[in-house]
Protein chains: 2
Amino acid sequence: MTDTQTTNAATMRAMGERAQQKIDALAAISADPDRLTRLYLTPEHKRAAKLVGSWMDEAGLSVRMDAAGTMRGVLPPGRPGRSGNKTLLIGSHIDTVIDGGRYDGNLGVVVGLLAVEALKARGETLPFAVEILAFGDEEGVRYPVTLTSSAVAAGVFDPATLDQKDRSGTTLRDALVAFGGDPAALAGEAFQPSSVLGYLEVHIEQGPVLERINAPLGVVTAIASQSRHRIRIRGEAGHAGTVPMAMRRDALVAASELIVGIEAIARKDRKNALVATVGEIEALPGASNVIPAEVRLSLDVRAASDEARREAVAAILSLARKTEAVRQVALTFETVLEKPVAACGRRMMAAIQEGASRVMGKPAQTLLSGAGHDGLSMVRLCEYGMIFVRCRGGISHNPAEFVTIDDMGAAVEGLVETILALARQEDDQ
Amino acid sequence: MTDTQTTNAATMRAMGERAQQKIDALAAISADPDRLTRLYLTPEHKRAAKLVGSWMDEAGLSVRMDAAGTMRGVLPPGRPGRSGNKTLLIGSHIDTVIDGGRYDGNLGVVVGLLAVEALKARGETLPFAVEILAFGDEEGVRYPVTLTSSAVAAGVFDPATLDQKDRSGTTLRDALVAFGGDPAALAGEAFQPSSVLGYLEVHIEQGPVLERINAPLGVVTAIASQSRHRIRIRGEAGHAGTVPMAMRRDALVAASELIVGIEAIARKDRKNALVATVGEIEALPGASNVIPAEVRLSLDVRAASDEARREAVAAILSLARKTEAVRQVALTFETVLEKPVAACGRRMMAAIQEGASRVMGKPAQTLLSGAGHDGLSMVRLCEYGMIFVRCRGGISHNPAEFVTIDDMGAAVEGLVETILALARQEDDQ
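Residues numbered from 1 in each chain as written. Chains lettered and ligands numbered in written order. Predicted model: local features only at pLDDT ≥ 70, side-chain atom pairs only at ≥ 80, totals over all residues. Heavy atoms only, no water.

1. So, the overall build of chain A
So, point 1. When its secondary structure is counted, chain A shows 11 helices and 16 strands.
So, point 2. Radius of gyration (C-alpha) of chain A: 24 Å, near the 22 Å computed for a compact globule of 429 residues.
So, point 3. Taking the principal axes of its C-alpha atoms as reference, chain A extends roughly 80 × 50 × 40 Å.
So, point 4. By the burial criterion, 60% of the 429 residues in chain A qualify as buried.
So, point 5. For chain A, the accessible area works out to roughly 15,900 Å², and carbon and sulfur atoms hold 50% of it.
So, point 6. Averaging the coordinates of the 47 positive side-chain charges in chain A and doing the same for the 53 negative ones gives two points 3 Å apart. (Helix = DSSP H or I, 4+ residues; strand = E, 2+ residues; numbered from the N terminus. Rg over C-alpha atoms; globule rule 2.2 N^0.38 Å. Buried < 20%, exposed > 50% of the residue type's maximum accessible area, 1.4 Å probe, protein only. Areas by Shrake-Rupley, 256 points an atom, 1.4 Å probe, with all protein chains shown as cover. Lys, Arg positive; Asp, Glu negative; His and termini not counted. Charge placed at Lys NZ, Arg CZ, Asp CG, Glu CD.)

2. Points about the domain arrangement of chain A
Accessible area lost upon the coming together of the parts is a frequently used measure of interface size.
Residue and element names in this part refer to chain A.
So, point 1. Per the domain assignment, the segments making up chain A are domain 1 (3-224 + 341-428) and domain 2 (225-339).
So, point 2. Computed over C-alpha atoms only, the centres of domain 1 and domain 2 are separated by 36 Å.
So, point 3. Here domain 1 and domain 2 share an interface that buries about 570 Å² over both sides, 55% of which is from carbon and sulfur atoms.
So, point 4. For the domain 1 face of the interface with domain 2, the top three residues by lost area are A224, V341 and L368, together amounting to 67%.
So, point 5. Joining domain 1 to domain 2, the criterion identifies 2 residue pairs in polar contact (both at pLDDT 80 or more). (Domains from an automatic or database assignment. Buried area = accessible area lost by both parts, 1.4 Å probe. Polar contact = N/O pair within 3.5 Å; in protein donor to acceptor, adjacent residues only side chain to side chain.)

3. Some words on the pairing of strand β7 (residues 225-234) of chain B
Residue and element names in this part refer to chain B.
So, point 1. In terms of strand pairing, β7 meets strand β12 (residues 294-303) through 10 bridges, oriented antiparallel. What sits directly across from Q226, in β12, is R302.
So, point 2. Here 9 bridges tie β7 to strand β13 (residues 330-339), and the two strands are oriented antiparallel to one another. Directly across from I231, in β13, lies its bridge partner F333. (Pairing = 2+ DSSP bridges.)

4. A few points about the interface of chain B and chain A
So, point 1. At the interface, 50 residues of chain B touch 50 residues of chain A.
So, point 2. In terms of surface lost to chain A, no three residues of chain B exceed M245, M247 and S288 of chain B, which account for 15% of the buried area on that side.
So, point 3. On inspection of chain B and its partner chain A, the count reaches 2 salt bridges.
So, point 4. We note a salt bridge from E263 of chain B to R327 of chain A, for which the minimum N-O separation is 2.8 Å.
So, point 5. Summed over the shared surface of chain B and chain A, the number is 10 residue pairs in polar contact (both at pLDDT 80 or more).
So, point 6. The dominant element in the side of chain B that touches chain A, judged by the number of residues it contributes, is helix α7 (residues 251-267) of chain B, at 9 residues.
So, point 7. When its residues are assigned to classes, the side of chain B that touches chain A shows 24 nonpolar, 14 polar and 12 charged. (Contact = heavy atoms within 4.5 Å. Salt bridge = Lys/Arg side-chain N within 4 Å of Asp/Glu carboxyl O. Nonpolar A, V, L, I, M, F, W, Y, C, P; charged D, E, K, R; others polar.)

Here it is in structure tokens:
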């Protein structure tokens, strides 16, 4: 068995360098020469999927692209398993946001592939199959939906989604056909829950915690409970020079009061990792000499538990109603998305903790994923687990996204050790 | 002499109805069939100027369009004046904002014209000439500059302005030539200060004060001291789900805190009619799941005195610096426009007070004009005075702009009485 003693720093570094090469090769595939943009079912997605497929092939996996455009590579079981040679799924996504970074998603696919290569190179045999999945739609940029490819794999895809259109009016159905997928075959691509051991994903943290505690890897406990809301505040327009302050019903001042209050509410609940963000604001009519008549805000609330998030939303709504009354504005509060917390499986977390701590020589920090991931689909199929990798400044969705070569090496080795820990669990059952 | 006793309500009503007809005829001239949009030096402006010119002609005035596109109609003096038959200028503007109201500007031209007609009909002779001016550029919508036409009349036009371009790239110079104006002749269109008695303008209040005190007319004391600023706040972008509240430098929360503080500062100084408005806000990158990295705000501050305005701006800047330090953002504060208070002339105010109180049967309220007007140019030529007319809800720059027929009749009669008061002043000199 491989362990930290036998895997020296040079080996890890070499794996990190291989990861970097593959990351860079993928980053060269973009809709744009000057920035990385790779949306679902575009020619760029196709080229990236083919490149990943060629790597899977080189690694000796059985490769195929499924009906949703997901590139899949299977390593068969090396020996009998007590629970009957199930499949361990390992994946992430190869789509990006517009002007995105090179690590988000792509790193998980590359690390999965390199871990399988390393296991083969070291002669490890596993009592389960491993299937690497390169999903194509996690970012949800092209279509109003997201997680299309992992939803298909998890058997939770809603066929009505095929009628969604992108900005140019192309339906998801037509884009899928043009890509070489098959809308009619999506249902058949779902894994059977009984045949799956679990789903593992390596992903950059997209937050500042691991950097702050100086650890390359972390164990995700759950994807946060999340809701998104639209707030609209209607006051009264007026000339900026002629309406006395006491006679105004300024929608932007009301909105500002609310934004400051939202921050105060979110700051109160550190225990539940509560965060609340107003990322979009629009003031109408939007002229320097007109008192704003209407303001539209987005609100994003996330927490470690559904209850904590709901309580925060209730507090925000109560504050909003107070603002409405005091400032004599009309306020509407709409919930446009609500996702329950998606807890990682105990077995997966234990294996990741074992694998990551072996690599780091210290216990791995557990942390909540504030961002959504393909795990939100996969949790409906099987136990899932996530390994977070430190990224510089917590920056993601940005060309400045960065992971060191050493940390990528640690990620490959951490995943190898996690897979081996699962293999031992399987043997011990 | 005409006075309130001899001008009964029916006569005023009839004058109001004539004003309404002319207002409606002008409102039919628009770039757009569904809304009133009439920008400087456009075909609509030309048609409106010609219509005004035809009315001036019908009223027996000597009519010409000047080199800046201002339609001018002159009524010569009816009798010798002690100070030598100067000219009393009466004007306003016939351009509108995009989707504007029908009274802003246009009412002043129409009322000026009807007042001259009434004086002639009643056989009044004046010891000065009266010249009606229909300016074309008060709103400043088409070009980055404003008050072009009144600046030409006042002799304060900056020829460099001719190089300004509209959105389609047409320079003011070219637009003026296409309109039938003459860029080379602008300097020659300036009135000589020694030949001018003063400038009078009737305008809707664009504020709620006269409606609140139930008076059709008011006497303007000054156009407020005004400054405009651009505030830029740079924080740090981050994923809305992954950056803990305590590690954020959210530019929008910082901006919101500042906006609430600006309102509090402005509310403190009622005595100086201080108002401060943030009408524009932009948050970047502007996505619901990204912590705002940068926010840009407009700030408009006005007050009855330059000192009160400067003190308010200093207080706002000091608050902004505090916000910058506490929230660890980078803040820039730029002054893009600064206009000193433009006080109305004592002689003009006295005449308007006399005229308006005769019509209303009670003293007229004095009030500050928070909005800018052509008086800002004309004050550099001569004494100026303004009569404000009540408008519903204080609404302007909006199709809902509304003045009653009775109030328009009162405005015509108020202007007639003001002119007669000036004639008596002239006789008494």
